Amino acid sequence: MADVTDRCGQSPLKEPAYLNDKQQLVLVCQLPSIISTVSNSNPSQPRLQRCVSSSNLGWELCPHHSIHMPSSIPPRHLNTRLIQSHLFRIPKTCCQHRFCATNTQPTQAPSTRPTMSLSISKNPAPWRKLLESHLEQTKSYDFTIATVGYDSKGNPVPRVRTCGFRGFFPELELHPSGQEDMDQQVEGGGNPGLFESDILTFTTDVRMEKLDQLESTGNYIEAMFWLKEVMVQWRIKGKAYSIGSPDPESGSEFGLRPELFEALRVKENYRGGSSGDANKWTWEKAITKYFANHSPVMRGSFRNPPPGQPRSQLPSNADLRLGQKVTNLQDPIARENFRVVLILPEEVESLDLTDLDDVRRRKWTLGPDGKWEEIEIWP
Ligand SMILES: Cc1cc2nc3c(=O)[nH]c(=O)nc-3n(C[C@H](O)[C@H](O)[C@H](O)COP(=O)(O)O)c2cc1C
């Protein structure tokens, strides 16, 4: 724990923080409702900078800028990613300062992110093939995503929206033009296709609200498909994590990828090639493939003005406009905002309405031993 003084130099605040193995500051939570901060050297994309342990005077905040976190978010739910997402909303400024806090006190804290003990099963989930076969008979791959948010009084409230299902991580069949972009712009045309998992995916813009909501409520999520063609509803409850930050060594992605990697298994029928294929696999290529899976105009949507902000408020950054087409898979602005969300299922339920005289409802639950248990329940 390190002392943090707020912008006005008032009450010293206790700020949980630790240094990662690169001696970079990682802020964890419990920030005040007003924190001081600054834009970085690229004012169009301000973000929380990292700092390095130096002398021993405590944490000092830059007096030049402040950011107001919504008071609806209880302080205990504030964390680095939430703060980062709000920093993105700071308008372009003349500020050239780099970081708000200087660590002047060596932090006695863990050198790695605390493990999150994700609920993971290496074995193929028993519901997976059935869900896949239902999806294959379906026209639309959209599903409903529910998270928990907070209303203006700080009460937890449900939030739902439609998102496009992007298959099970990291498998993705690209449109020929997307594959062409991968072939031209990514080493080897992408990853060898040796891994599969039971992780469901969708993509999103980091500036939208759902990621903040996930982070501030323990990453709990529910995804729901109503597959009318087969008359079956699927509900997937679990936890979700986003990947794709240009700086995965800080913020919410810090330390996450190795843990997620545990959920990947080599495909049973993988006929790829050399044993070295696993070494050629990278997270960066996997994420880029999801970006390539969008048409140029959809990729351009990640350069839209800030989602959810009043349309009357023109973005000060002229690069943020509607209707742009992006062909560069590494477009810095679009990729700053683009994220792949991974849903790790913990409980899956199907409700089969094919025969209304005999409606069938099945539930699969992932146990702490990583094994799925199935039970048929009354509808
Ligand atoms: C058919 C359809 C597909 C959509 N697909 C996505 C998607 O894949 N990812 C996404 O973030 N939003 C998608 N949206 C927009 C969301 O429904 C929602 O408006 C947006 O994500 C902002 O939500 P939030 O602020 O609660 O995060 C889609 C909307 C529709 C109608």
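Below is a short write-up of the structure. Residue positions are given per chain, counting from 1 as you read along its sequence in written order. In view of the model being predicted, local features appear only for residues whose pLDDT reaches at least 70, and side-chain atom pairs are presented and counted only at 80 or more, with totals across whole chains, interfaces and linings using the full set of residues.

1. Comments concerning the environment of Asp369
Stated precisely, the cut-off is as follows: By definition, any uninterrupted DSSP run of H or I lasting at least four residues is a helix, any uninterrupted run of E lasting at least two residues is a strand, and each is numbered from the N terminus.
Among the structural elements, Asp369 can be located in the loop between strand E17 (360-366) and strand E18 (372-377). Separated by 250 residues in the primary sequence, Asp369 and Ser119 have C-alpha atoms spaced 9.3 Å apart.

2. A few points about the site of the ligand
Let me state the cut-off plainly: Defining nearness, a residue is near a molecule or strand when the C-beta atom obtained from its backbone falls within 6 Å of it. Put simply, Ala, Val, Leu, Ile, Met, Phe, Trp, Tyr, Cys and Pro go in the nonpolar bin, Asp, Glu, Lys and Arg in the charged bin, and everything else, Gly too, in the polar bin.
Among the 14 residues in the neighbourhood of the ligand, the closest are listed as Arg161, Thr204, Met208, Glu209 and Lys210. Taken together, the elements giving at least two residues each to the shell around the ligand come down to strand E10 (156-164), strand E12 (200-205) and helix H4 (209-216). Top contributing element to the shell around the ligand by residue count: E10, with five residues. Among the residues forming the shell around the ligand, the class breakdown is three nonpolar, five polar and six charged.

3. Structural notes on unusual backbone geometry
For the peptide bond that leads from Phe169 to Pro170, omega is -5 degrees, which places it in the cis range. When you line up the elements, Pro170 lands in the loop between E10 and helix H3 (176-185). With phi around 65 degrees, Asn219 is a residue other than glycine that occupies positive phi space. With respect to the helices and strands, the residue Asn219 is situated in the loop between H4 and strand E13 (220-227).

4. Considerations on the pairing of strand E14 (residues 232-243)
Let me state the cut-off plainly: Should DSSP find at least two bridges between two strands, the strands are regarded as paired.
Across eight bridges, the pairing between E13 and E14 is antiparallel. Counted as the bridge partner of Glu222 is Lys237 from E14. The hairpin turn running from E13 into E14, its antiparallel successor, is four residues long, and Met231 in that turn takes a positive phi close to 60 degrees. Summarising the sheet, E14 and strand E16 (residues 338-352) pair through twelve bridges and their orientation is antiparallel. Note that in E16 the partner of Lys237 across the bridge is Glu347.

The values are spatial; any link to function lies outside them.
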